[in-house]
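Secondary and tertiary structure notes
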Amino acid sequence: MSSNTNLDIWFAGAFAAFSVDLLVYPLDTLKTRLQSQDYEKLYKNANGTTKRSLFRGLYQGVGSIILITIPSSGAFFTTYEALKYSLDDAVPPNSTLYLPKPAIHALASGGAELVSCAILTPAEVLKQNAQMLSSGKKGSTSLQVLKTFQKQPAKLWRGYTALAARNLPFTGLQFPAFESLKNYFMARRKSKKGAPVDGIMERAGITAMSAGIAGSGAAWITTPIDVVKTRIMLAASGDDPPAKQEAKGKQSSFLMHGIQSSRKSGFTVAKEILKTDGVRGLFRGALLRGCWTALGSGLYLGCYEGGRFYLESAREKKKEGDHLMQRDWSKVKVGIGPSRSQDSVKKSAWQED
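Basis of the calculations
Once a new chain begins, its residue numbering starts again from 1 and follows that chain's sequence as written. Confidence filtering applies because this is a predicted model: local features only for residues at pLDDT of at least 70, side-chain atom pairs given and counted only at 80 or more, and all residues used for totals across whole chains, interfaces and linings. Here the side-chain values reflect all heavy atoms present in the structure, with hydrogen atoms and water set aside. The numbering of helices and of strands both runs from the N terminus, where a helix is a DSSP run of H or I of at least 4 residues and a strand a run of E of at least 2. By this rule the span expected of a helix is its residue count minus one, scaled by 1.5 Å. At every residue, the bend is computed as the angle between two fitted axes, covering the seven residues ending there and the seven beginning there respectively. Burial classes follow relative accessibility: with a 1.4 Å probe on protein chains only, a residue under 20% of its type's maximum area counts as buried, one over 50% as exposed, and anything between as partly exposed. Should any heavy atoms of two residues lie within 4.5 Å, those residues are counted as being in contact. UniProt positions are given in the numbering used here, feature names are shortened, and annotations may be inferred rather than shown by experiment. Pairing of aromatic rings covers Phe, Tyr and Trp, the last through its six-membered ring, and needs centres within 6.5 Å; plane angles under 30 degrees mean stacked, over 60 mean edge-to-face, and all others mean tilted. A pairing counts as a salt bridge when a side-chain nitrogen of Lys or Arg comes within 4 Å of a carboxyl oxygen of Asp or Glu.

1. Here's the deal with helix H10 (residues 266-282)
The end-to-end C-alpha distance of H10 is 12 Å, clearly below the 24 Å that 17 residues give at a rise of 1.5 Å each. In H10, a bend of some 105 degrees at Thr 276 exceeds every other bend along the element. The set of residues buried in H10 consists of Val 269, Ala 270, Ile 273, Gly 278, Gly 281 and Leu 282. Looking at the buried residues of H10, the elements they touch are helix H8 (223-235).

2. Some words on the UniProt feature "transmembrane region" (unreviewed entry) in the protein chain
Mapped onto this numbering, the UniProt entry gives "transmembrane region" (unreviewed entry) at residues 7-27. Along residues 7-27 the backbone is 100% helical and 0% strand, and the end-to-end C-alpha distance reaches 30 Å.

3. Some thoughts on the packing of aromatic side chains
Evaluation of the coordinates by the stated rule reveals 11 aromatic pairs. An angle of 15 degrees between the planes, with centres 6.0 Å apart, marks the rings of Tyr 25 and Tyr 59 as stacked. Pair noted here: Tyr 25 is in helix H1 (residues 6-35) and Tyr 59 is in the loop between helix H2 (39-43) and helix H3 (62-90), with a separation of 34 residues, a long-range link. Both rings, one in Phe 77 and one in Tyr 300, keep their centres 5.5 Å apart while their planes meet at 50 degrees; by these two values the pair is tilted. Of this pair, Phe 77 sits in helix H3 while Tyr 300 is found in helix H11 (residues 286-321), placing the two residues 223 residues apart along the sequence.

4. Side note on the pattern of salt bridges
Taken as a whole and judged by the stated rule, the model has 15 salt bridges. For Arg 203, the salt bridge identified is with Glu 305, shortest N-O distance 2.9 Å. Of the two residues, Arg 203 sits in helix H7 (residues 200-221) while Glu 305 sits in helix H11, which places them 102 residues apart along the sequence. Relative accessible area serves as the criterion here: at 18%, Arg 203 is assigned to the buried category. For Asp 277, the salt bridge goes to Arg 284, with nearest N and O atoms at 3.7 Å.

So this is what it looks like as structure tokens:
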């Protein structure tokens, strides 16, 4: 186990989240717009060409996601590391209860994801609705979306189940593959050069490559769940319209639109997508998601591993500098030998008794 503290891990995770959000956020915006139920209406011309508005305002909603991903990422990694080592200690190598390493990594990442999703869901709902606003509107897009939830703030967590349903299989696939690939590349590097990886940049590079490969594969497989999650979160900002209003066919703004009812289950939404767009609709944006996840996961876990290893190295150097203060002085004898006064001093009467 590393000598990192929980605070080290939290800082490393927060730093990674902040760095990656700024770099890959535009790709995430494009993915959200491609998966939207209103993609054809908002971003396609009558002749089938793509409107320029698809590529405008790619950083809309970035403020809310950065503010929330910092604590959620810190919570994820502290929970993941704690569960990983706890499960390792709970199941010793010679125990009759055998739990393979991939299963430990899957369980640890799944538990960490449940904690992270509880923090991240409101920001995801705000972010994805802000990404769909017209880029011509003035002011903060996140605040504009937030106003639609003033009467029913609990709806900000309506996408929790969908988010967890997407992220649990994603992390369950990604982290066992990531840990296996990282160990493989680390061992290969050690056998090739005859020494373990000790440089921060080299360690971060191997981690980034492993995470990118594992993340892109997991992202492609779980794209249908991501499409359903996107539709549910985009619908969360809409009011549940009364039957009378639906009968009149009253028009509303996009934010108040949704999928007729924002309470539809994931299975219902998936059936609607299959009915209207077929299997291809469930994999809409899969290539883009695979590419940006490879980039994002590589940068994310690479930055995390680099930051964690840097803090670990700094802590170990500090311990080496303080080794004299950590010495057990109880066994050290003061002086160069017994003094003459000690030899000549006799026991007192009470000591002899």
